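Each chain, letter by letter, is given below.
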Amino acid sequence: MKERELTEESESATVVVIGAGPAGLTVANLLRRCSIDCIVLERRSREYVAQRQRAGIVESRAVRMFESWGLADQVLGGPSHDGILEFRVDGESHLVDDSDLSAGPGARLCPQQVLVQKLTTAHLADGGDLRYDVADVSLHDLTGDRPTVRYRSTDGTLHAITCDFIAGCDGDHGVTRTAVPDGVLTAHALDHGIGWLTVLADAPPPAHPLLAISPQGFAAHFPRGPHSSRYYLQCPPDDHSDVWPDHRVWDALRTRLADPGLPAGPITDRESFRLRSLVHDPMQYGRLFLVGDAAHIVSPMGGKGMNLALYDADLFARAVRDHVREHDDTGLRTYSQRCLRRVWNDQEFSHWLTRTVHDAGDDTASGPFLRNLARARLDRLFTSPTAAQAFAELMTGLEPPQHRPVPTGR
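Below you will find a few notes about this structure. (Residues numbered from 1 in each chain as written. Predicted model: local features only at pLDDT ≥ 70, side-chain atom pairs only at ≥ 80, totals over all residues. Heavy atoms only, no water.)

## Describing the nonpolar core
Moving on, step 1. Residues V27, F66, L115 and F316 are the most contacted members of the largest nonpolar core, which totals 75 residues.
Moving on, step 2. In terms of residue count, helix α9 (residues 305–326) provides more of this core than any other element does, 11 residues in total.
Moving on, step 3. Ignoring sequence-local partners within four residues, the contact set of F66 consists of T26, L71, A72, V75, L76, L115, L119 and L310.
Moving on, step 4. In terms of nonpolar packing, the next biggest core, distinct from the first, is built from 24 residues, L85, L211, A220 and V357 among them. (Core = buried A, V, L, I, M, F, W, Y, C linked by side-chain atoms within 4.5 Å. Buried < 20%, exposed > 50% of the residue type's maximum accessible area, 1.4 Å probe, protein only. Helix = DSSP H or I, 4+ residues; strand = E, 2+ residues; numbered from the N terminus. Contact = heavy atoms within 4.5 Å.)

Following this line, the structure appears as structure tokens:
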């Protein structure tokens, strides 16, 4: 220890952000907007992070958040989502308006890699400190007044950064959550028992985001650019992408999407995974605040994962701003509670939609009773304006209704 202390380079910052994905870069950009210094550490290369393919829609609440910080024009690329979602059930099309009819901007079609690239550019243009390819990151003295983050840079130099706060934005397999002692966090986990194959291809996008339900299983088709599409195929939970050669992918898509003429294109990426949901409670330990996937994983249905990360980042940045400017720690003390309220709201919606579109199709696992229940939910969505409006509000990310006191009248 004595030798390392002699060779460490010591620094200080108000906030150390660990992870340069959507959550970490949003935190960093918002803090810079408040003139609060921060250092961002990322274990991967800039090129790797910039090309990582994930979610594609920034919901309207997140668009309004970026607008409120004056960042929307800089960081949001892609066209506006037209508010129409297509459900195709046994080949029959049902168009659902998923716009919430509220004033202001709607959702944006913005793949994660585009958002990350634009956030990176904006942060560096604003003088931000962003360090890639860091190794051996460790967190110390998290419950003290000034925790320390240590890491090794690419030239082998050891660094020690003392700070006021640490934002853990390094995902489900990062080092920040594992720095919390055992027994502090409660993990609430659910394995949905469903597998997905996700495929990115240079193929024409659909007119509207499409969810297809058939006896052969669930499938989806989403735009990822003017000449690019992302497809999803339900598969056994333990399937490997290697068992899905190109011809099998296109055959399954044409059958489940009820589109025999679906044009094929070069497949540029494919991955298989199990659908799961996970929430860690609380999202804070001492001076460490977990943001995004470091705290929660959501089933992909509904596109909530990246948007929840943006919501966490907004709350954290505002809490730090209030602490620095006003010496008001209310936002810091209530960070976990406020985030988790949104997390559980979106988890419930994602679970509802996951069960509905899978149970309504192939009933091998769910059985005919649950299949008919799921079909009834879809029928209500397609025929009831009230059900459709509730669905739209949840899709677009309106705030959960505030708790109201129970009347005590006689």
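Don't stop here, the text continues.
## Remarks on the environment of P245
Moving on, step 1. With respect to the helices and strands, P245 occurs in the loop between β14 (228–235) and α8 (246–256).
Moving on, step 2. Each C-alpha atom, one on P245 and one on D145, is 55 Å from the other, the two residues being 100 residues apart in sequence.

## Side note on α9
Moving on, step 1. With 22 residues, α9 should reach 32 Å at 1.5 Å per residue; the first-to-last C-alpha distance of 31 Å fits that figure.
Moving on, step 2. Two residues or fewer past α9, H327 is found with a positive phi of approximately 55 degrees. (Expected span 1.5 Å × (residues − 1).)

## Concerning the pattern of salt bridges
Moving on, step 1. Inspection of every chain in the model, using the stated rule, returns 18 salt bridges.
Moving on, step 2. Of the charged contacts, one joins R276 and D172 as a salt bridge, the two residues approaching to 2.5 Å between their closest N and O atoms. Remark: D172 occurs in the loop between β10 (158–168) and α7 (175–178) and R276 occurs in strand β15 (residues 267–281); sequence separation between them is 104 residues.
Moving on, step 3. Residue R276 is classed as partly exposed on the basis of its relative accessible area, which comes to 34%.
Moving on, step 4. Three or more residues are tied together by salt bridges with common partners; here these are E11, D129 and R131. (Salt bridge = Lys/Arg side-chain N within 4 Å of Asp/Glu carboxyl O.)

## Topic: the layout of surface pockets
Moving on, step 1. Each pocket or cavity is described by its volume, and for the second largest pocket that value is around 350 Å³.
Moving on, step 2. Together, 20 residues line the second largest pocket, and G193, Q234, C235, D362 and A365 are the ones closest to its centre.
Moving on, step 3. Of all the secondary structure elements, the ones that give two or more residues to the lining of the second largest pocket are β11 (186–201), β14, α8 and α11 (335–359).
Moving on, step 4. Looking at the lining of the second largest pocket element by element, the count peaks at four residues for β11. (1 Å grid on protein atoms, 1.4 Å probe; cavity = no way out; pocket = protein on both sides within 12 Å on 5 of 7 lines; lining within 4 Å. Points joined across faces, edges and corners; volume = space filled by probe spheres on them.)

## A few points about the sheet that holds strand β4 (residues 84–89)
Moving on, step 1. Strand order in the open sheet formed by eight strands is β5-β4-β12-β13-β14-β11-β15-β18, and the pairing between neighbours is mixed. This sheet does not close on itself; its edge strands, each paired only once, are β5 (92–97) and β18 (296–297).
Moving on, step 2. Two strands pair when backbone bridges link them, and strand β12 (residues 210–213) and strand β13 (residues 219–225) are joined in this way by three bridges, in the antiparallel orientation. Looking at the pairing, L210 lines up with H221 of β13. (Pairing = 2+ DSSP bridges.)

## Observations concerning the packing of aromatic side chains
Moving on, step 1. A complete count under the given rule lists 14 aromatic pairs for this structure.
Moving on, step 2. Summarising the aromatic geometry, the rings of F289 and F316 are spaced 5.4 Å apart at their centres and angled 50 degrees between planes, so their arrangement reads as tilted. Here F316 lies in helix α9 and F289 lies in strand β17 (residues 288–290), a separation of 27 residues in the sequence. Neither F289 nor F316 differs from the other in exposure class; each is buried.
Moving on, step 3. With centroids separated by 6.2 Å and ring planes inclined at 15 degrees, the aromatic side chains of F349 and W352 adopt a geometry described as stacked. With F349 and W352 both in helix α11 and three residues apart, this pair spans about one turn of that helix.
Moving on, step 4. Under the relative-accessibility criterion, F349 is labelled buried at 2%.
Moving on, step 5. Aromatic ring contacts, followed pair by pair, group F87, F349, W352, F382 and F391 into a single cluster.
Moving on, step 6. In this structure, R44 packs its charged tip against the face of Y48, placed 4.3 Å from the ring centre.
Moving on, step 7. Sitting above the plane of the W244 ring, R248 keeps its charged end 3.7 Å from the centroid. (Phe/Tyr/Trp six-rings, centres within 6.5 Å; stacked < 30°, edge-to-face > 60°. Lys NZ or Arg CZ within 6 Å of the ring centre and 35° of its normal.)

## Structural notes on the pairing of strand β1 (residues 9–18)
Moving on, step 1. Here β1 pairs with β10 via nine bridges, running parallel. Bridge pairing in β10 places V15 opposite F165.
Moving on, step 2. Handedness of the β1-helix α2 (residues 22–33)-strand β2 (residues 38–41) crossover: right-handed. (Right-handed = clockwise from strand over helix to strand, strands pointing away.)

## What about unusual backbone geometry?
Moving on, step 1. With an omega of 0 degrees, the peptide bond between D281 and P282 qualifies as cis.
Moving on, step 2. In this fold, P282 is placed in the loop between β15 and β16 (284–285).
Moving on, step 3. Of note, D90 is a non-glycine position whose phi angle comes to about 50 degrees, a positive value.
Moving on, step 4. By the element assignment, D90 lies in the loop between β4 and β5.
Moving on, step 5. The phi angle at H327 is positive, at roughly 55 degrees, despite the residue not being glycine.
Moving on, step 6. Given the relative accessible area of 68%, H327 is considered exposed.

## Examining the side chain of N307
Moving on, step 1. Here N307 shows up in helix α9.
Moving on, step 2. Owing to a relative accessible area of 2%, N307 belongs among the buried residues under this scheme.

## Points about the packing of helix α4 (residues 60–68) against α9
Moving on, step 1. One can describe the packing of α4 onto α9 by two numbers: an axis separation of 10 Å at closest approach and a directional angle of 35 degrees. Regarding α4 and α9, the two cross each other, and that crossing is left-handed. Here R61, A62, M65, F66 and S68 of α4 come into contact with α9, specifically with N307, L310, Y311, D314 and R318.
Moving on, step 2. Split by residue class, the contact of α4 with α9 holds five nonpolar, two polar and three charged. (Axes fitted to C-alpha atoms, helices over the stretch in contact; angles between N-to-C directions. Left-handed = near helix turned anticlockwise from the far one by under 90°. Nonpolar A, V, L, I, M, F, W, Y, C, P; charged D, E, K, R; others polar.)

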